[in-house]
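Notes for the structure review
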Amino acid sequence: LMTGLMLGDVSGIDSSLMDEVRKTGTAHILSVSGLHVSLWSMFAYQLLSRFKRRFASGLISILFVFLVVAVTGFSSAAIRAGLMLSVFYLGEMMSKKAEPINSLGFSLFVICFINPFAATDVSLLLSFSATSGILLSSGKINEYAAALKAKVKVRVIKIALGAACTVFLISLAAVVFTLPVSVFVFGGISFIAPLCNIITLIPTEAAMLLCGLAILLSPFAYLSRFLFFLANLLIDLFIEITGLLSK
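These numbers come from a predicted model, not from an experiment.

Assigned secondary structure in the protein consists of 11 helices and 0 strands. Tracing the protein from N to C terminus, the helices and strands come up as α-α-α-α-α-α-α-α-α-α-α. Here the protein, with 247 residues, has 38% of them falling under the buried criterion. The long-range fraction of contacts in the protein, counting pairs at least 24 apart against all pairs at least 6 apart in sequence, stands at 70%. Accessible surface for the protein amounts to roughly 14000 Å². Of this, 71% is attributable to carbon and sulfur atoms.

Further remarks concern the packing of aromatic side chains. In this structure the tally under the stated criterion is 1 aromatic pair. Looking at arginine 225, its charged tip hangs above the ring of tyrosine 222, at a distance of 5.8 Å from the centre.

In this section: the nonpolar core. Judged by nonpolar contacts, Val37, Tyr45, Ile62, Val65, Val68, Val69, Ala78, Ala81, Leu85, Tyr89 and Met93 together constitute the single largest core of 11 residues. Elements that contribute at least two residues to this core include exactly α3 (34–49), α4 (54–71) and α5 (76–93). With 5 residues, the single largest contributor to this core is α5.

With 84% of its residues at a pLDDT of 70 or more, the protein has an overall mean of 77. Averaged pLDDT values for the elements of the protein fall to 66 in helix α1 (residues 2–7) and rise to 88 in helix α11 (residues 221–245).

A word on the side chain of threonine 200. Residue position: threonine 200 is located in helix α10 (residues 193–216). A distance of 2.7 Å separates a polar atom in the side chain of threonine 200 from the backbone oxygen of cysteine 196.

At a minimum axis separation of 8 Å, helix α2 (residues 15–23) and α11 run at an interaxial angle of 70 degrees. Comparing the axis directions of α2 and α11 gives the class roughly perpendicular. When the axes of α2 and α11 are compared, the crossing they make is left-handed. Of the residues in α11, those touching α2 at Leu17, Glu20 and Val21 are Phe238, Ile239, Thr242 and Gly243. Partitioning the contact of α2 with α11 into residue classes produces 4 nonpolar, 2 polar and 1 charged.

As a further point, take α2. Along α2, the positions that sit buried rather than exposed are Leu17, Met18 and Val21. The buried residues of α2 occupy one face: seen down the axis, they fall within an arc of 100 degrees. Opposite the buried face of α2, at more than 90 degrees from it, the exposed residues are Ser15, Arg22 and Lys23. Following α2 by one or two positions, glycine 25 adopts a phi angle in the positive range, close to 70 degrees.

Tracing the chain through its elements places serine 86 in helix α5. Discounting residues that sit within four places of it in the chain, serine 86 has contacts with Ile62, Val65 and Phe66.

Now for the environment of alanine 146. By secondary structure assignment, the location of alanine 146 is in helix α7 (residues 122–150). For alanine 146, a relative accessible area of 45% puts it in the partly exposed group. Sequence spacing of alanine 146 and threonine 166 is 20 residues, and the spatial spacing of their C-alpha atoms is 9.4 Å.

Turning next to a nonpolar patch on the surface. A contiguous nonpolar surface patch, about 500 Å² in accessible area, is contributed by Ile101, Leu136, Phe168, Leu172, Val176 and Phe177. Residue contributions to the nonpolar patch peak at 4 residues, all from helix α8 (residues 155–177). Looking at where isoleucine 101 falls in the secondary structure, it is placed in helix α6 (residues 100–114).

The rules we used
Residues numbered from 1 in each chain as written. Predicted model: local features only at pLDDT ≥ 70, side-chain atom pairs only at ≥ 80, totals over all residues. Heavy atoms only, no water. Helix = DSSP H or I, 4+ residues; strand = E, 2+ residues; numbered from the N terminus. Buried < 20%, exposed > 50% of the residue type's maximum accessible area, 1.4 Å probe, protein only. Contact = heavy atoms within 4.5 Å. Areas by Shrake-Rupley, 256 points an atom, 1.4 Å probe, with all protein chains shown as cover. Phe/Tyr/Trp six-rings, centres within 6.5 Å; stacked < 30°, edge-to-face > 60°. Lys NZ or Arg CZ within 6 Å of the ring centre and 35° of its normal. Core = buried A, V, L, I, M, F, W, Y, C linked by side-chain atoms within 4.5 Å. pLDDT = per-residue confidence, 0-100. Polar contact = N/O pair within 3.5 Å; in protein donor to acceptor, adjacent residues only side chain to side chain. Axes fitted to C-alpha atoms, helices over the stretch in contact; angles between N-to-C directions. Parallel < 35°, antiparallel > 145°, perpendicular 65-115°, else oblique. Left-handed = near helix turned anticlockwise from the far one by under 90°. Nonpolar A, V, L, I, M, F, W, Y, C, P; charged D, E, K, R; others polar. Arc of directions from axis to C-beta. Patch = residues over 30% accessible without salt bridge, like charges linked within 9 Å, V, L, I, M, F, W, Y side chains within 5 Å. Salt bridge = Lys/Arg side-chain N within 4 Å of Asp/Glu carboxyl O.

Written out as structure tokens, the structure reads:
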């Protein structure tokens, strides 16, 4: 499961666990997707941006993006995310703001120009549909989350409620926009997906980062083992949640 989270390789995962993951609509977590590329590249960019060198941070982040895409096997979804992020980083290097929808359209054009048959790739169709839904509804989602947070006085509850609301609405937007593809390809959708995604998104993202840090810090054996231990706890939590909600 840890390999699936890091590299999208699900060959070693038990079939019953994969069935539970598919039923709960969280299979995208175990596939090479924009989530993997975005998470790692943005993590690297945030670290580099602290040095106040915009051009160097953007350039290194672009190189890092393509390194991650290469490690994950150059899947269509990973390439799409890599191209979108590269456009964003180029804008940062030139002090320009990238338009997300244009970046998405550009990345899709490049992928289909190189390989026209990519237009029939189910993974790409789902990824493009979900990303379109998130980008098109992001403004309203932020407005709704801000309005909900404004009604709460306690800071900790406000932050938690805002984050939960945002994750739920993003997941819902992705489910709605992928509905046509899901019905056509799979014959149905998972209505438990938004709830399961909101519960499992943070633990799985944290597990991915902990695994990566543990690998980078492998020369420090004790620290690396501790990080793997924490990641394993989060992965066990993910397994328990998907097992419970799949029923």
